[in-house]
Structures are given as C-alpha cells and as structure tokens.
Amino acid sequence: MRLDKYLCSCTDLTRSMAKKALRDQLVTCDGVVVKDPGFKVSEDTLVTLEGRPLGPVATRYLMLHKPVDFLCSNVDELYPSILNLVDLPKRETLRIAGRLDVDTTGLVLLSEDGQWCHQITAPRRQCAKRYRVWLADPVPESAVAQFEQGVQLHSEDGLTLPAVLERVAEREALLTIQEGKYHQVKRMFAAIGNKVTALHREAIGGIELDPALAPGEWRVLTEAEVRSVGG
Ligand code: URA
C-alpha cells in the first residue's frame with residue numbers, strides 16, 4: 001500500500017494532511033524518515049508518525065445506548081447522526097446493525113464487519129430483538145395470542161412472524177420480534193388499535209444493553225458478545 005494511503009487508513013489524517021506530515025519529515029519507515037507519499041509499505045514495515053508507531057485499525061464491535069433525537073444514519077440530517085456520540089478515529093467507517101427511529105432509545109450495535117452486521121439484519125436470520133414498549137391504551141390479554149399468531153401490517157403482504165408479548169404493567173409491555181420492518185413495533189400495535197408512546201430496545205440476539213451505559217454512552221463489545229451473533 002502507498003504510504004500516504006496507509007497513514008490515512010490508521011489515523012484521522014486526510015490524504016493532504018498525510019502528505020504534509022511526510023513533507024514535514026514526521027514519518028519514518030523502519031527507522032528512516034520517508035517523504036515520498038508513494039513509498040510502498042508492506043505488512044512488516046514499522047511506520048511511525050511523530051515517533052508514535054502506527055498499526056492497522058482492528059475491526060471494532062461496539063454497543064451504544066441511543067438517546068432520542070439522534071439518527072441511525074452515517075450522516076447528519078434533520079437530527080445529528082449517532083456517530084457523533086462515538087469519539088473514535090474513523091468512526092464514519094462503522095456500520096449500524098439495525099436502525100432505530102429518531103424517537104426510539106436503546107441498544108444499537110456498530111461495527112466495520114459487514115458480515116457480522118448482516119447476521120443481525122438479514123431477514124432470513126430472524127435475529128430476535130426485544131423492545132420495552134409504553135402504550136397509550138391498556139394492553140389486553142388477547143394481544144399476546146394476536147402477536148403470537150401474527151398481525152397484518154398496513155401495506156404489507158402476509159402476517160408478521162410469531163412475536164412474544166409480555167405484559168409488565170397496564171400500559172407497558174416487552175415485545176420480542178424476529179423481523180425488522182420499517183416502524184415494525186409501532187405498526188404492530190397500531191394493527192391492534194393501540195399507540196406506542198415510547199419505545200426502547202433492550203436486547204439484540206443474546207446481547208443486552210449494558211445498564212451501566214447512560215443514554216449517549218457506548219462501549220466495546222466483549223469477545224463473547226461478538227461471538228454470540230450468528231452462533
Ligand atoms: N420498531 C419501531 O417501530 N421503531 C423502532 O425504532 C424499532 C422498531
């Protein structure tokens with residue numbers, strides 16, 4: 001790989017900043033100052049920037065506690081992207097594995113590992129997601145069987161897949177679904193004549209939102225959490 005490209009791949013430098021660092025003689029390869037941006041770097045080359053050894057950025061796996069008024073998008077739009085909450089270099093390379101609405105809070109998983117993200121989002125994988133739901137009207141006992149059997153969502157073919165509903169208070173429930181259709185939880189409750197007033201994702205597959213994370217905070221996933229996906 002070219003040296004300027006390598007510098008960009010493992011730091012926050014843009015290509016022009018990398019070239020300037022090279023011109024300013026801040027970069028060494030195997031102990032020798034190199035100014036040529038086209039210098040070829042191999043896996044064994046020891047590259048330093050201002051005396052600091054550089055290495056390839058390892059693939060990252062993170063959980064984030066999404067607050068309201070942040071977007072599950074890689075760019076800012078009407079609301080800021082959740083990536084603003086992740087103070088890491090190259091955060092724009094992270095993919096969001098399963099989006100939440102702007103007014104939904106809770107667990108979001110992020111990684112550069114596209115295959116890993118795909119295992120969470122691919123419909124045929126039927127990865128379970130558990131939501132805590134607050135409702136405008138009381139949840140009748142009959143809703144448990146309705147969601148178990150599947151409900152008809154507006155402008156969708158066929159019924160929703162079997163979902164597990166657990167009533168925890170008159171207007172509060174836990175719902176586990178295996179799909180990720182647009183606004184799915186809100187539309188499922190609309191289909192039985194109720195209205196979601198607040199929604200919070202607590203778990204994706206075997207990964208639970210860490211209760212130590214306040215809204216807006218994130219942490220690196222443990223190896224066991226990473227391995228639990230697709231297992
Ligand atoms: N279902 C919804 O309706 N909204 C979400 O953010 C997630 C699931």
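Analysis parameters
Residues numbered from 1 in each chain as written. Predicted model: local features only at pLDDT ≥ 70, side-chain atom pairs only at ≥ 80, totals over all residues. Heavy atoms only, no water. Pairing = 2+ DSSP bridges. Helix = DSSP H or I, 4+ residues; strand = E, 2+ residues; numbered from the N terminus. Domains from an automatic or database assignment. Core = buried A, V, L, I, M, F, W, Y, C linked by side-chain atoms within 4.5 Å. Buried < 20%, exposed > 50% of the residue type's maximum accessible area, 1.4 Å probe, protein only. Contact = heavy atoms within 4.5 Å. Disulfide = S-S within 2.5 Å.

## Observations regarding the sheet that holds strand 1 (residues 27-29)
Backbone hydrogen bonds are what pair the strands of a sheet, in a parallel or an antiparallel way.
Item 1. The strand order 2-1-3-4 describes an open sheet built from 4 strands, whose pairing is antiparallel. Looking at which strands have only one partner, the edges of the open sheet turn out to be strand 2 (32-33) and strand 4 (52-53).

## Focus on the domain arrangement of the protein
Item 1. Considered domain by domain, the protein is made up of domain 1 (3-54) and domain 2 (61-227).
Item 2. Computed over C-alpha atoms, the centres of domain 1 and domain 2 are 41 Å apart.

## Quick notes on the nonpolar core
Item 1. Grouped together as the largest cluster of nonpolar side chains are 31 residues, with contacts concentrated most on Ile 82, Leu 110, Val 133, Leu 175 and Phe 189.
Item 2. Among the secondary structure elements, those contributing two or more residues to this core are strand 5 (61-66), strand 7 (105-111), strand 8 (129-135), helix 4 (142-149), strand 10 (172-177), helix 5 (184-191) and strand 11 (196-204).
Item 3. Every residue in contact with Val 133, bar those within four places of it in the chain, is listed here: Arg 171, Glu 172, Ala 173, Leu 175, Val 185, Phe 189, Val 196, Ala 198 and Leu 199.

## A look at the state of the cysteines
Item 1. Scanning all chains against the criterion turns up 0 disulfides.
Item 2. The closest cysteine sulfur to the non-disulfide-bonded Cys 8 is located on Cys 10, 8.9 Å from its own sulfur.

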